[in-house]
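# Structural overview for review
This is what each chain is made of:
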Amino acid sequence: MRIEEVGATRLGAKFSDERNCSNRNSSLLPVTHSTEQTIASDRTVRLLDTTLRDGEQAPGVSLSPDEKVEIARSLERAGVSVIEAGSACTGAGERQAISRVTDLDLDARVTSFCRGMKSDVDLALDCNVDGVLIVVPSSDRHVERKVGISREENLEKTAEIVSYAKDHGLWVEALGEDGSRADLDYLEQLAEASLDAGADRFCFADTVGHAGPERTHEAVSRLAEIGPVGAHTHDDLGLGVTNALAAVSAGADLVHCTVNGLGERAGNVALEEVAISLSHVYGVETLELEELYDLAQIVSRSTGVQLPPNKAVIGENAFTHESGIHTDGTLKDDKMYEPYAPETVGRERRLALGKHTGRAGVEAALDEHGIEATDDEIAEIATRVTELGDRGRRVTDADLLAVAEDVTGDDRDRVVELLDLTATSGGAVPTASVRLDVDGEERVASGTGSGPVDAAVSAVREALGSMANAELESYHVDAVTGGTDAVVTVEVTMARNDRSVTVACSEADITRASVKAMVDALDRLLAADEQPLTPADD
Ligand SMILES: [Zn+2]
């Protein structure tokens, strides 16, 4: 067997139907949107993730080889069909990162982005990729003004580079850059030239996020007559998902996306949004949807780009209910104010407390913390929670518990309290020492860390020993005012024994605010351990 054939067999397996995911998520809610769906539920649609290439081109984002490996692994868990691991021509570091990803021997096909140059293809081959995405100009703006050649020359060069890559056993997708602004007759010629030269597919690219769904549908319909077609959409008009769906309805079967919609300018179309809308609206399954939130968090952590709170699927608020009416409705019926269950995408529903919280929300939150209160007390606690929310802040678990203790007159002794904290930084090793009151006994400990907060937290853990066994689920810092003398609010969520508690603390000193918030959260969790909840089964 020749090498090309071995490659083809291996790659054929990568695109087998086994990678198409099960329909298990769709049973959570029936899809009953319209009798005339433009995308049939038996369509096979696959996703190409380009977080590691187009996503990394977002301003200020740079991923280390280790980070690329971690993201590639989680893309594989989610069942992405093609992973564009980078641009081999970028440099030696990038090639090392791509090679690390190809070394993982994933089920997903791993590709590199290449310009229409043999040297780019050679560099991609050095990384042992399964395939390449070859970008060629398609609009006159790009053909004549950027590259400076004629349309005819561009067709010839495209055919040449595609056959070069095919001769080296690569899977090839030719992407007509700026296709949404190209003359569609010429775009067709470019697709024909690519496919005739052996390309496996052609991709319609809305490189600058310029098209609307009608233009996308028209272009992709025409290209789909010629051969297999993909779609690469950007979100400059907020139409990334709409255009991706228009492309699929016109016949595209490979959609390029990035996790969290990361990418140049306004970003690429978001992987999670394409996957959930294809599943929820059309019953077309592309991914293991329950992996999406993990994936979003891994990418957010590696890139330093925070998850916008109001984004579909991944945003903090996507499954959080605060208003009284919505909380009340949601407590009566999970689906009352949600299109699909949060578990579908690996998340949990959260009821937040704030100025809109009503009685039902407060009662549910008190229940969650195992606090008993009379109807009158609950009404009073709800009023006070609204007052706290009125002051423009989020009401945390700790605030609710403090209000509840005040109203019910249930004084409790603290288990842990921070008495004193000293931290030094700027030297070789940041160091901190803490003095804690633990059940009336004073404990002192010190610790080191990557910075003063880290050092102080390790000192607290040292002082508490096994009592500090709790997971830090989230840690957020917000500067309340703008200057270097700003008061910062640190909000931590800690979990222990299936119970989690959120505490916020505002101070001018970030280390002190962090440690106080963490100690207060531990105090709440330890107090809850001492007063076990009555069993939940009733
Ligand atoms: Zn792009």
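For clarity, every value in this text was computed on a predicted model and none was experimentally measured.

## Let's talk about the confidence of the model for the protein
This prediction gives the protein a mean pLDDT of 88; 91% of its residues lie at or above 70. Low pLDDT, under 50, characterises residues 532–538; the predicted model gives this stretch 1 contact beyond four residues in sequence or across chains.

## Some words on helix 13 (residues 359–368)
Taken residue by residue, helix 13 has Ala360, Gly361, Val362, Glu363, Ala365 and Leu366 as its buried positions. Along its buried surface, helix 13 packs onto helix 12 (324–332), strand 10 (350–351), helix 14 (375–390) and helix 15 (397–408). At the C-terminal side of helix 13, Gly370 shows a positive phi close to 70°.

## Overview of the UniProt feature "domain: Pyruvate carboxyltransferase" (unreviewed entry) in the protein
The UniProt feature table records "domain: Pyruvate carboxyltransferase" (unreviewed entry) at residues 45–293. When the span residues 45–293 is considered, its composition is 44% helix and 18% strand, and the gap between its end C-alpha atoms is 21 Å.

## Section: the environment of Val490
Inspection of the secondary structure assignment puts Val490 in strand 15 (residues 488–496). In this view, Val490 contacts Val477, Cys505, Ile510, Ala513, Ser514 and Ala517; residues no more than four positions away in its chain are not counted.

## What to know about the environment of Gly131
With respect to the helices, strands and loops of the structure, Gly131 is situated in strand 4 (residues 131–137). Look at Gly131 and you get buried, because 23 C-beta atoms sit within 10 Å. Here the alpha-carbon distance between Gly131 and Ala165, two residues 34 residues apart in the chain, equals 8.5 Å. With near-sequence residues (within four places) excluded, Gly131 lies in contact with Arg109, Thr111, Leu170, Trp171 and Val172.

## A short note on the packing of helix 16 (residues 452–464) against helix 17 (residues 510–530)
Where helix 16 contacts helix 17, the two axes come as close as 9 Å, and the packing angle between them is 30°. Here helix 17 runs roughly parallel to helix 16, going by the angle between their axes. Here helix 16 runs over helix 17; the crossing is right-handed. Residues Pro452, Val453, Ala456, Val457, Val460 and Leu464 of helix 16 lie in contact with helix 17, whose contacting residues are Ile510, Thr511, Ser514, Val515, Met518, Val519 and Leu522. When grouped by side-chain class, the residues that make up the contact of helix 16 with helix 17 number 11 nonpolar, 2 polar and no charged.

Definitions and cut-offs
- Residues numbered from 1 in each chain as written.
- Predicted model: local features only at pLDDT ≥ 70, side-chain atom pairs only at ≥ 80, totals over all residues.
- pLDDT = per-residue confidence, 0-100.
- Contact = placed C-beta atoms within 7 Å.
- Buried ≥ 20, exposed ≤ 12 C-beta atoms within 10 Å, placed from the backbone.
- Helix = DSSP H or I, 4+ residues; strand = E, 2+ residues; numbered from the N terminus.
- UniProt positions renumbered as here; feature names shortened; annotations may be inferred.
- Axes fitted to C-alpha atoms, helices over the stretch in contact; angles between N-to-C directions.
- Parallel < 35°, antiparallel > 145°, perpendicular 65-115°, else oblique.
- Left-handed = near helix turned anticlockwise from the far one by under 90°.
- Nonpolar A, V, L, I, M, F, W, Y, C, P; charged D, E, K, R; others polar.

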